[in-house]
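A look at the structure
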Amino acid sequence: MVEDTDQEVSAMTTTPPTTGRVLPLAAAIDHRVAGRKAATLARLAAAGFPVPPGVVLPAAVLDRTLGEHGAIPGEVASELIAAVRAWGDVPLAVRSSGIDEDGARASYAGLFTSVLEVRGDDALLDAVQVCRSSAFGAHVTSYAGARPPRLAVLVQPMVAASSAGVAFTADPVTGERGCVVVDAVAGTGERLASGAATPERWIVHRDDARRHSTQRGVLDERRARAIAEMARRVDAQLGGPQDIEWALVGDEVVLLQARPVTALPVEPRPVEVKVPDGYWTREASHAPRPWLPFSRAVLDLRNEALRRMAAELGLLFDGIELRQIGGWEYARIVPLGGKQPPRLPDWLVPIAFRLVPVLRRRIHESVTAMRSDVPGRLVRRWWQEWQPGFYARIRALREVAPDTLSNAALAGHLDAALALLRDGVDVHMRLHGALGMVLGEFAFTCRDLLGWDDTRTFSLLSGTSTMSTAPARALADVTAAAGPRVRALLARGAPADEALAAEEEFAAAFDGYVREFGCRALAYELAEPSLEERPDVVLGLVRDQLDDGARPRENDEQAPDREAAAAAVRGTLRDADLTRFERALTGALLAYPAREDNEFFTVSVPLGLLRRTALEVGRRLAGRGQIGAVDDVFFLRPDEARDRLGDGGDAHDVVAGRKGEHAWVLAHPGPASYGRDPGPPPPLRGLPDEARLANEAFLWTVDRILASDARSGGHDRMLAGIAASPGRYTGPVRVIQSEAEFDRLRGGDVLVCPVTSPVWSVLFPSVGALVTDHGGTLSHPAIIAREYGVPAVVATCSGTARLRDGQVVVVDGTAGTVEVLG
């Protein structure tokens, strides 16, 4: 953004004439020369819009003179310095302007670097080099492919903004064309882009303008309408919905940037809501938003794996079915035979167990599975066979560069990535059933023999889940490699590419970390960036570790307390009770770490590899004009994307239709449940001991993962949830709704979020405490918090709605409460 200075520069200041290698903005109308950002502003300035002046270093000049890290030749430097001196001693904004940026095929949104508040000749030349280098950054090549995109550099004086922000001439979520959505913050617009400030939002129709946020005091209706009116004029001038950046200088609205809204949904297309028989509840812990078609097709594999798990362990149901209803994901327990039987009186249930053939057969299978230790065998198989096998397959796929493959080879690579995920989902679900049996048996043992609750039970297991903390321990080694230059750059919030270019040793350590841990999906939705595409997030975590000065504790630091607690238990038990405890503890120590360890190999890395491959398919389809933008590939199913890669067929209509459906789904969230609640499971007395243990343990595990019966509690100054990780911590709230907001987290914050996937473990060294809306004591966030020793309260149901950024709270992970202090 081009604003925020104490010296006002009129938006209409004349740019001095320049010669040769430096163009005035007014002459930079060809995007092939000046990049789209500069060329668009030049066109708008010529049309009379209030655009700040500027000069442009054309892409061809930078290609000839700079390369990736070269110095600017003296004659080019002299021309640039002479051109900007006419503005006086004012801070400058130096901005990348990509040749293909903001185009129909790829937006490169947020991927190129801008450097603000630049003062002095040397700083100006350094900033140009930083912008140029951003074309070679890992997150750009991950998006664009191995060939770096070409870019020019635009230099402008910063303007004295009282407020700034963005405006969309169509709703970016629903696709509605009849409104302008305005987001505004006080002062610099960079505070909005970086996530440092929550914007005030206005939605402006021709006959109505209303504030749609709790934030206020930045704009009034008159200014909101003025911004919306300019946005509409830009829309009309450029011929389609636009995303503009603006600043207010006094009462003047200044235009800083305009780009097409490439990901804008078509007008919402209604989706038929068909509710199948049965009782369905929203599954928000893994699917907080509707799946896009690519992800939905892949994740449909889960149903088959869940049916297999239920049969293998002899559970008294046919599996857990996941289905899209009205575009949102719902789940149900599938009764044996598929239909919900009538509710029997409790006294009749044991008789049904003996007389109903399907029940009798499944009970026999359950007894056989438990007596032959199927759960234990599956857990041991994970460590001995599955985990090494997945590691080998992952390494083989990870070493392949998709952009070097022919179309046929790329299709084969896509199939291999899909096969890895399919096998991973199967193992993940089967193993989870087994883990539930083993951990449930351990919890019941501690409850029956010791009277312990979950918190005390898990104290005997904490510190064993090494995969949860491995990314943080590895990141500590990266942090140790940071020298003075990197430390200084991170302290002032320098762009990722600038920090990574500062020291070779640090860059090498960073690259090694990303190679080992970066190809992991941050979210289960494949359309979301993976960790390797967010170097800013990783560098932010390095900065937090530098600020804190503490290395994440090793897992074996918890071993003495864990072993002492187990020894104390052994001193209280005798004979059969001691034998039962030892057997249950031995199994649990093997099963507990597999809960997180397996997810790394079976889900998050396979998803990351699949996304990497899908992006290359998308690049090729977009490059051939078969889809409009790279990310449109996620509106196709994998088989459709593969077919279009081979046959060259057009997919624009398919993508447009599905974007319209997705927009409608987002605007019509489904209810919490459909159908009639069948009530709690029938009493399991009357079952053989083995079958009762298996089914009780599974139900216990599901509850500890999902906490489906959690209810919001507390009052205005107090939230109640489930105690998940012991300890107390006082600190400021940071509400993080999704993986896209990771860069907003600061060391010592209380992380408040809907729920976390395992990849969020990279954040935990920076977190003071954790509060979630969803999840139980065996959910991923709860386990990770215990491994890091972070106090945690889960299943508050409303933490993200009731808490605000900056509030100071006391998180009591032992009592399960969150107290608001101010």
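In what follows, the structure referred to is the one given above.
Residues numbered from 1 in each chain as written. Predicted model: local features only at pLDDT ≥ 70, side-chain atom pairs only at ≥ 80, totals over all residues. Heavy atoms only, no water.

Within the protein, the regular secondary structure consists of 26 helices and 24 strands. Radius of gyration (C-alpha) of the protein: 29 Å, near the 28 Å computed for a compact globule of 822 residues. Principal-axis analysis of the C-alpha atoms gives the protein an extent of 95 × 55 × 55 Å. For the protein, the proportion of contacts with a sequence separation of at least 24, taken over those separated by at least 6, is 71%. (Helix = DSSP H or I, 4+ residues; strand = E, 2+ residues; numbered from the N terminus. Rg over C-alpha atoms; globule rule 2.2 N^0.38 Å. Contact = heavy atoms within 4.5 Å.)

The first and last C-alpha atoms of helix H7 (residues 221-238) sit 26 Å apart over 18 residues, in line with the 26 Å expected at 1.5 Å per residue. Listed in full, the buried residues belonging to H7 are Ala224, Ile227, Ala228, Met230, Ala231, Arg232, Val234 and Asp235. Looking at the packing, one finds that the buried side of H7 touches helix H1 (31-46), strand S6 (163-168), strand S7 (180-186), strand S8 (200-205), strand S10 (242-249) and strand S11 (252-260). Looking one or two residues past H7, Gly239 carries a phi angle of roughly 80°, positive in sign. (Expected span 1.5 Å × (residues − 1). Buried < 20%, exposed > 50% of the residue type's maximum accessible area, 1.4 Å probe, protein only.)

This paragraph deals with the packing of aromatic side chains. For any two aromatic rings, the description comes down to two numbers: the centre-to-centre distance and the angle of the planes. Counting across every chain of the model gives 15 aromatic pairs. Seen in terms of ring centroids, Phe294 and Phe634 are 5.8 Å apart; in terms of plane orientation they differ by 70°. Their pairing is edge-to-face. With Phe294 in helix H8 (residues 293-299) and Phe634 in the loop between helix H21 (575-623) and helix H22 (638-647), the pair connects residues that are 340 residues apart, well separated along the chain. Residue class for Phe294 comes out buried when judged on its relative accessible area of 1%. Its relative accessible area of 0% is what places Phe634 among the buried residues. Look at Phe444 and Trp700: their rings are 6.2 Å apart centre to centre, the planes differ by 75°, and that puts the pair in the edge-to-face class. With Phe444 in helix H13 (residues 407-450) and Trp700 in helix H24 (residues 689-706), this pair connects stretches of sequence that are 256 residues apart. Side by side, Phe444 and Trp700 carry an identical accessibility label, which is buried. (Phe/Tyr/Trp six-rings, centres within 6.5 Å; stacked < 30°, edge-to-face > 60°.)

A separate point is the sheet that holds S10. Pairing within the open sheet is antiparallel, and its six strands lie in the order S9-S8-S7-S6-S10-S11. Whereas interior strands pair on both sides, the edge strands pair on one side only; in this sheet they are strand S9 (208-211) and S11. On average, each strand axis in the sheet is tilted by 20° relative to the strand beside it, whichever way the strands run. Pairing geometry for S7 and S8, over five bridges, is antiparallel. Looking at S8, one finds that Ala184 is bridged to Glu200. (Pairing = 2+ DSSP bridges. Axes fitted to C-alpha atoms, helices over the stretch in contact; angles between N-to-C directions.)

One way to put it is that H21 packs onto helix H25 (residues 780-788) with a least axis distance of 11 Å and a crossing angle of 110°. Classified by the interaxial angle, the pair formed by H21 and H25 is roughly perpendicular. Note that H21 runs across H25; the crossing there is left-handed. Together, Tyr592, Arg595, Glu596 and Glu599 of H21 and His780, Ile783, Ile784, Arg786 and Glu787 of H25 make up the contact between the two elements. Residues of the contact of H21 with H25, tallied by class, amount to three nonpolar, one polar and five charged. (Parallel < 35°, antiparallel > 145°, perpendicular 65-115°, else oblique. Left-handed = near helix turned anticlockwise from the far one by under 90°. Nonpolar A, V, L, I, M, F, W, Y, C, P; charged D, E, K, R; others polar.)

Here we come to the side chain of Thr756. Residue placement: Thr756 occurs in the loop between strand S20 (749-753) and strand S21 (767-772). On the accessibility criterion, Thr756 (5% relative accessible area) is buried. With residues up to four places along the chain from it excluded, the contact list for Thr756 reads His780 and Pro781.

It is worth spelling out helix H12 (residues 374-398) at this point. In the structure, H12 departs most strongly from a straight axis at Trp382, where the bend amounts to approximately 50°. The secondary structure elements touched by the buried residues of H12 are helix H9 (301-313), helix H11 (357-371), H13, helix H18 (504-518) and H21. At the N-terminal boundary of H12, the capping side chain belongs to Asp373, with an oxygen 3.1 Å from the backbone nitrogen of Gly376. (Bend = angle between axes of the 7 residues up to and from the residue. Polar contact = N/O pair within 3.5 Å; in protein donor to acceptor, adjacent residues only side chain to side chain.)

The sheet built from five strands is open, its strands ordered S1-S2-S5-S3-S4 with antiparallel pairing. Bordering the open sheet on either side are strand S1 (23-24) and strand S4 (114-118), each of which pairs with just one other strand. As judged from the two bridges shared by S1 and strand S2 (residues 55-57), these two strands associate in the antiparallel manner. Along S2, the bridge assignment pairs Pro24 with Val55. Sheet strands touched by H1: S1, S2, strand S3 (92-98), S4 and strand S5 (151-157). Its angle to S3, the strand with the most contacts, is close to 120°.

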